[in-house]
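Residues per chain, in single letters:
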Amino acid sequence: MARTVYVNGDYVAEGDAKISVFDRGFLFADGVYEVTSVLGGKLIDFDGHMRRLKRSLGELQMAMPLPEDELLAIHRELVSRNAVIEGLVYLQITRGVADRDFLYPSATPQTLVLFTQSKSIVDSPLAKRGARVVSVEDLRWGRRDIKTVQLLYPSMAKMIAQEKGVDDAWLVQDGHVTEGTSNNAYIVTRDGTIVTRDLSSDILAGITRAAVLECARTLQMKVEERPFTIAEALEAREAFTTSATGFVCPVVEIDGVSLGEGQPGPVANGLRQIYVETSLKAAI
Ligand code: PDD
């Protein structure tokens, strides 16, 4: 059965979902997106994703296309129509359709698209075995705090990782790790401190990051938000990433060097379990 997707007010079969060739998302990557995970048919941290969406739009002088409760209703309707038990809802908003011009058009209706993907997130083979990553120079633009759809460099970096036979890349700028291609990056030092880069325009403020750091602090774990180098990561006891599509994913190898025991470690595994339990309780 064809998936139902949402396009500008209509629920349509995916084959009938169409966007103009003049859409600024297509011509300029002039759009933002959010990915909200679904567990047990419910949305994880929907409010956090909406807060970040509003901020991304605001930074690009765009408004919310619909009130938050209507966006929630669309998310739920798609989860229900597509019988998603576990997976994600993808939402994209672009500045809309206008003749090609670098300047923003005024008063153009935005394009709003949502679709779902079913996938196992909790029972993930990658999380069980732990990811292997390589470091790649971070050549993305300077406003990574805005969740725009211009994802070509993350794609290139993932291709580099694939060519090297590993799972993902960690991006490095001025000798320090910014984040993963589509996740936030962490190490656990020898004394058990969780280190992840502080928030700035260098990285995306992950919604999973905020929730996982709160879990860690509740558990009285020591957390430091600061840049770290690959050299420091190679000395770490553990490493992991967080994202809506991977939750907490252990990292067991960086640039061909095994970390600790070369297996997912107790901090990453523990945080993963606690994050899943906590977010399931709060899911809507
Ligand atoms: N990516 N950093 C980057 C560059 C990301 O693209 C993402 C998410 C994150 C983690 O953010 P969150 O915890 O809110 O998912 C960090 C999504 C999942 C994607 O592009 O598919």
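Everything here concerns the structure above.
Now for a look at the structure at hand. (Residues numbered from 1 in each chain as written. Predicted model: local features only at pLDDT ≥ 70, side-chain atom pairs only at ≥ 80, totals over all residues. Heavy atoms only, no water.)

Inspection of the entire model under this criterion finds 22 salt bridges. Among the salt bridges present, the one from E77 reaches R81, with a minimum N-O distance of 2.8 Å. A residue pair is termed a helical-turn pair when its members lie 3 or 4 positions apart in one helix, as E77 and R81 do in helix α3 (residues 68-81) at four residues. For E77, a relative accessible area of 30% corresponds to the partly exposed category. Judged by its relative accessible area of 38%, R81 is partly exposed. For K128, the salt bridge goes to D123, with nearest N and O atoms at 2.5 Å. When sorted by exposure, K128 lands in the same class as D123, which is exposed. (Salt bridge = Lys/Arg side-chain N within 4 Å of Asp/Glu carboxyl O. Helix = DSSP H or I, 4+ residues; strand = E, 2+ residues; numbered from the N terminus. Buried < 20%, exposed > 50% of the residue type's maximum accessible area, 1.4 Å probe, protein only.)

L53, L71, L112 and L114 are the most contacted members of the largest nonpolar core, which totals 22 residues. Listed by contribution, the elements that provide at least two residues to this core are β3 (31-39), α2 (46-59), α3, β5 (87-94) and β6 (111-118). Contacts of L114, omitting those with residues within four sequence positions, involve V5, Y6, I74, H75, L78, V89, Y90 and L91. One finds I44, V223, F240 and A283 within the second-largest nonpolar core, a separate group that totals 21 residues. (Core = buried A, V, L, I, M, F, W, Y, C linked by side-chain atoms within 4.5 Å. Contact = heavy atoms within 4.5 Å.)

The subject of this paragraph is a nonpolar patch on the surface. Together, V21, F22, F26, L27 and V97 make up an exposed nonpolar region whose accessible area comes to about 470 Å². Judged by relative accessible area, F26 falls into the exposed class, the value being 61%. (Patch = residues over 30% accessible without salt bridge, like charges linked within 9 Å, V, L, I, M, F, W, Y side chains within 5 Å. Areas by Shrake-Rupley, 256 points an atom, 1.4 Å probe, with all protein chains shown as cover.)

What the six strands build is an open sheet, ordered β2-β1-β6-β5-β3-β4; its pairing is antiparallel. The open sheet has two edge strands with one neighbour each: β2 (10-13) and β4 (42-43). Contacting β1 (4-7), β2, β3, β4, β5 and β6, α3 crosses the sheet at an angle of about 35° to β6. (Pairing = 2+ DSSP bridges. Axes fitted to C-alpha atoms, helices over the stretch in contact; angles between N-to-C directions.)

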